[in-house]
Amino acid sequence: MPTTAVSTPLPSLGTDPFSAEVLENPLPFQERLREAGPIVHLSHYDILALARYESVHATLTDWQSFQSGAGVGMSNFRYEEPWRAPSLLLEADPPHHDAPRAVLSRILGPRALRRLRDAWFADAEALVDQVLADTEFDAVTTLAEAFPLRVFPDAVGLPREGRENLLPYGDHAFNAFGPSNELVAKGAPRVAELSAWVEAQCARERLATDGFGARIWEAADRGDITERQAPLIVRSLLTAGVDTTVHALAATLYAFATNPEQWRRLRERPELARVAFDEAVRWESPVQVFFRTATDDVEIAGTTVPSGTKILMFLGAANRDPRRWDAPDAFDLSRDPSAHVGFGMGLHQCVGQHVARLEAEALLTALARRVQHIELAGPTRRHLNNTLRAWASLPVRVHRA
Amino acid sequence: MSAADTAQAPAGPDTATAPQARVAAKRTMADGVVSLTLRRLGGGRLPDWTPGAHIDLVLPNGTTRQYSLCGDRWDPYSFRIGVLREPDGHGGSDFVHDELHEGDVVGIGGPRNNFPLVPADRYLFIAGGIGITPLLPMVAQAELLQVPWDLLYGGRSYSSMAFLDELRDYGDKVHVTPHDTHGPLDLDAWLPAHPGGTKVYCCGPGPLLDTVAHRCAGWPTGWLRTERFVARSTADGARDRGFRVELRRSGRTITVPADRSVLQVLGEAGVQVLSSCRQGLCGTCETAVLGGEPDHRDSLLDDDERAAGDCMFVCVSRSLSEHLILDL
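Residues numbered from 1 in each chain as written. Chains lettered and ligands numbered in written order. Predicted model: local features only at pLDDT ≥ 70, side-chain atom pairs only at ≥ 80, totals over all residues. Heavy atoms only, no water.

Quick look at the overall build of chain B
Phase 1: Check the secondary structure of chain B and you find 9 helices and 18 strands.
Phase 2: Whereas a compact globule of 328 residues would reach a radius of gyration of roughly 20 Å, chain B reaches 21 Å, a difference of no more than 12%.
Phase 3: Its C-alpha atoms give chain B principal-axis dimensions of roughly 65 × 45 × 35 Å.
Phase 4: Across the 328 residues of chain B, 55% fall into the buried class.
Phase 5: Long-range contacts, defined as pairs at least 24 residues apart, comprise 65% of the intrachain contacts of chain B with a sequence gap of at least 6.
Phase 6: With the model as given, the accessible surface of chain B reaches about 13600 Å², and the carbon-plus-sulfur share is 50%. (Helix = DSSP H or I, 4+ residues; strand = E, 2+ residues; numbered from the N terminus. Rg over C-alpha atoms; globule rule 2.2 N^0.38 Å. Buried < 20%, exposed > 50% of the residue type's maximum accessible area, 1.4 Å probe, protein only. Contact = heavy atoms within 4.5 Å. Areas by Shrake-Rupley, 256 points an atom, 1.4 Å probe, with all protein chains shown as cover.)

Points about the side chain of A:T239
Residue and element names in this part refer to chain A.
Phase 1: Checked against the element boundaries, T239 lands in helix α10 (residues 229–240).
Phase 2: You can call T239 buried: its relative accessible area is 6%.
Phase 3: A polar contact of 2.7 Å, which involves the side chain of T239, links it to the backbone oxygen of R235.
Phase 4: Setting aside anything within four residues of it in sequence, one finds T239 in contact with R84, Y169, G170, A173 and F174. (Polar contact = N/O pair within 3.5 Å; in protein donor to acceptor, adjacent residues only side chain to side chain.)

Here's the deal with the domain arrangement of chain B
All names here are of chain B.
Phase 1: Domain annotation of chain B identifies domain 1 (20–112), domain 2 (122–227) and domain 3 (243–326).
Phase 2: On a C-alpha basis, the centroid separation for the pair domain 1 and domain 3 is 24 Å.
Phase 3: Taken together, the contact pairs 9 residues of domain 1 with 9 residues of domain 3.
Phase 4: The junction of domain 1 with domain 3 conceals about 700 Å² of combined surface from both sides, 36% of it contributed by carbon and sulfur atoms.
Phase 5: The largest per-residue losses of area from domain 1 upon contact with domain 3 belong to P47, G110 and R112, which jointly make up 53% of the total buried on that side.
Phase 6: Taken together, the connections running from domain 1 to domain 3 amount to 2 salt bridges. (Domains from an automatic or database assignment. Buried area = accessible area lost by both parts, 1.4 Å probe. Salt bridge = Lys/Arg side-chain N within 4 Å of Asp/Glu carboxyl O.)

A closer look at the interface of chain B and chain A
Phase 1: The partner chain A presents 40 residues to the 35 residues of chain B that form the contact.
Phase 2: Here chain B meets chain A over a buried area of about 2900 Å², counting both sides, of which 47% is carbon and sulfur.
Phase 3: Among the ionic pairs, A:D98 bridges to B:R73, the shortest N-O distance being 2.7 Å.
Phase 4: The interface formed by chain B and chain A contains 21 residue pairs in polar contact (both at pLDDT 80 or more).
Phase 5: Examining the composition of the side of chain B that touches chain A, we find that 3 residues originate from one element, helix α3 (residues 132–145) of chain B, more than from any other.

Focus on the environment of B:G154
Residues and elements named next belong to chain B.
Phase 1: Relative to the helices and strands, G154 is located in strand β8 (residues 149–155).
Phase 2: Overall, G154 belongs to the buried group, its relative accessible area being 9%.
Phase 3: Ignoring any residue separated from it by four or fewer positions in sequence, one finds G154 in contact with A127, G128, G129, M161, T177 and L185.

Focus: the environment of B:E99
Phase 1: Mapping B:E99 onto the fold places it in the loop between α2 (92–98) and β6 (105–112).
Phase 2: In this structure, the C-alpha to C-alpha distance between B:E99 and B:N61, residues 38 residues apart in sequence, is 9.6 Å.

Comments concerning the nonpolar core
Phase 1: Ranked by size, the top nonpolar core spans 86 residues in total, and within it A:F212, A:I216, A:I225, A:F256, A:W263 and A:L266 carry the most contacts.
Phase 2: If you tally residues by element for this core, the top one is helix α15 (residues 353–370) of chain A, at 10 residues.
Phase 3: Beyond its immediate stretch of four places on either side in the chain, A:I216 contacts A:L104, A:I107, A:I225, A:A230, A:I233, A:V234 and A:L237.
Phase 4: Core analysis: the next-biggest nonpolar cluster, separate from the first, contains 30 residues, B:C70, B:A120, B:V174 and B:Y201 among them. (Core = buried A, V, L, I, M, F, W, Y, C linked by side-chain atoms within 4.5 Å.)

Topic: the packing of aromatic side chains
Residues and elements named next belong to chain A.
Phase 1: Using the criterion set out here, one finds 19 aromatic pairs over all chains in the structure.
Phase 2: An angle of 70° between the planes, with centres 6.0 Å apart, marks the rings of F18 and Y45 as edge-to-face. Residue F18 is found in the loop between β1 (12–13) and α1 (20–24), and its partner Y45 is found in the loop between β2 (40–42) and β3 (47–50); the two are separated by 27 residues along the sequence. Taken as a pair, F18 and Y45 share a single burial class, namely buried.
Phase 3: On the basis of an interplanar angle of 65° and a centroid distance of 5.8 Å, the ring pair of F174 and F177 is categorised as edge-to-face. For the pair shown, F174 and F177 are each scored as buried.
Phase 4: Lying across the ring of Y53, R324 places its NZ or CZ 5.1 Å from the centre. (Phe/Tyr/Trp six-rings, centres within 6.5 Å; stacked < 30°, edge-to-face > 60°. Lys NZ or Arg CZ within 6 Å of the ring centre and 35° of its normal.)

Some points on the sheet that holds strand β6 (residues 289–294) of chain A
Residue and element names in this part refer to chain A.
Phase 1: Across the sheet, which stays open at both edges, the 6 strands sit in the order β1-β2-β3-β9-β6-β4 with mixed pairing between neighbours. Edge positions in the open sheet fall to β1 and β4 (66–67), since each of these has one partner strand only.
Phase 2: In the sheet, β2 pairs with β3 via 3 bridges, with the strands oriented antiparallel. In the sheet register, H41 faces β3, and the bridge partner there is L48.
Phase 3: Taken strand by strand, helix α2 (residues 27–36) contacts β1, β2, β3 and β9 (310–314), and its axis lies near 135° from that of β2. (Pairing = 2+ DSSP bridges. Axes fitted to C-alpha atoms, helices over the stretch in contact; angles between N-to-C directions.)

A short note on the packing of helix α11 (residues 243–258) of chain A against helix α13 (residues 273–284) of chain A
Residues and elements named next belong to chain A.
Phase 1: For the pair α11 and α13, the least separation of the axes is 9 Å and the interaxial angle reads 95°. Between α11 and α13, the angle falls in the class roughly perpendicular. Together, A248, L249, A251, T252, Y254, A255, F256 and T258 of α11 and A276, F277, A280, V281, W283 and E284 of α13 make up the contact between the two elements.
Phase 2: Residues belonging to the contact of α11 with α13 are distributed by class as follows: 11 nonpolar, 2 polar and 1 charged. (Parallel < 35°, antiparallel > 145°, perpendicular 65-115°, else oblique. Nonpolar A, V, L, I, M, F, W, Y, C, P; charged D, E, K, R; others polar.)

Quick look at the sheet that holds β8(B)
Residue and element names in this part refer to chain B.
Phase 1: A sheet is described by the order of its strands in space; here 5 strands give the open sequence β9-β8-β7-β10-β11, paired in parallel fashion. With one partner strand each, in any of the chains shown, β9 (174–178) and β11 (224–228) form the two edges of the open sheet. With direction set aside, neighbouring strand axes in the sheet form an average angle of 10°.
Phase 2: In terms of strand pairing, strand β7 (residues 122–128) meets strand β10 (residues 198–204) through 6 bridges, oriented parallel. Paired with Y123 across the strands is K199, a residue of β10.

Structure follows, in structure tokens:
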């Protein structure tokens, strides 16, 4: 890895942003980072970091200067072999990125999802009915994990067997964007087995004929993408479509359990479900960080960054930047969370965001109808991941309406 | 930057209006063809686009025309289009040629792409006349991808064929066939009976597209891709005067002035509509339209969906009618 020779002395922090202590509660570190300057050197890894909304937004949208093709994790594909074939979406730049993105945008676009809406709302009602048989339960396993795992694999067209592999596979993939620390080592023993299962599900014959997966293969039949690209695009759905939504839903449920007045507001105006979900994504930022790589010697906030430098963007810090948001630490349904960077921004912005919003809207609508009050019922436990901000356990108590 | 530019708020992350652009350059490219270089009013990035995309150009005389982008997508600050003077163009191209000058301000919608470049082992590009415009960024991209390609470019005469100087750098991959000296394009020689790994992109006058489509009739779907220019005549919109928006569910009416977006005015009125990219790209702010005629400026809806007029993206789209009714 080349050393980052920058033209002006930058503020520098020695903290490891991927240490267990920071991952457990990243907010104090992110505040220090944001206040240290618009661009900060992280000496532990010799990389540059951005934590203010303005610079994160500018870097996300400027694909010409900041490439994804050298990897959106710490590993620099210019010098290092990726642990798996790079994603055709996340880890690709124009022009290679164009065709896969166009295909997936259409398959996962709002109008394409309309046909799923009624079924997902009914599924949410059924799940909530079943969960509310108890007044105390773990909101992570019973709701945040259970609902996406109930609707999403069906929508993709996956067979029933093996679905339990989805969460550990996604968890490892998101750990692998960070440094090769203990979190990556913990996942390593199962990588080969999980990857083999995921790759097997991407084949045309494994996928039901009416799902997102089949539509990707139909796009290959029309020549919109190649037959070699199709399975990798299915893989993107399986990698990025489950853990992220699970943790975003858990973030939303935690937000409501700790902000009862906001739950009352949602009960009064259930049409706020989508706003509530995006506000939770802003507030908790389930995807905390992504990297870009300088394509050339480029300038950020008056500093020349040499070509090939890895730049770590703190989406979570940008989403709580007081320069952009009033009272950023408050989870507040009266706020307009629009234009948060929790789904990214620019041409790599989360292609599945409408799927996530539909899942959240279905689940929150069903809950708001049945649950008068939701509160924490015991100690919560974080799930640590190099990229994701996640909960392992959220014991809650509900009062049924 | 001129005084008029600085009077506008810079286009930052939270800007939510259909971009307005200034004509930064106007050049004659061939007999009857001018190119326009457009830059965002107030500066800043224009929306991203891919080869084959077109924009809506909203002219100061109220007409809207679609033009393919033919510049460099790696330059986020300018769009380039090529405009042929068309005798039956209902005033759009005449206006561009005769009355639009450097420094003038135009509205922009999109970009939208109904003619995307998809992967192939080899490309055959066929251009007739001004149909060269969407193919220019395609040949640049094929070159970048190191995919073999040929371009057949037919036109009335050398003097009527635009962008020849830019194509010269590609050497013998470009086959220029002016009709007055070389006769028609030799499609028989170029179009194989079966495409194999070759994908064919064709843009030009109707008879050329019909001939090519006829020759490729037995090909699998998606191996021949064409773009037909349809002069869409749009009524003079309410865009210069502003318009009223009735919010049917909340029983309120708001007024959207010419320099504000629907989304901005809704926000100021306390009506929450979730949005994200605010460029008409991501689709988050889709809102159902119950009455009136939307002036679509997004990059998402296809022609049928636009014509249906039952939804709009309030971050950039506006109204052609004085009165619009939204399901809010």
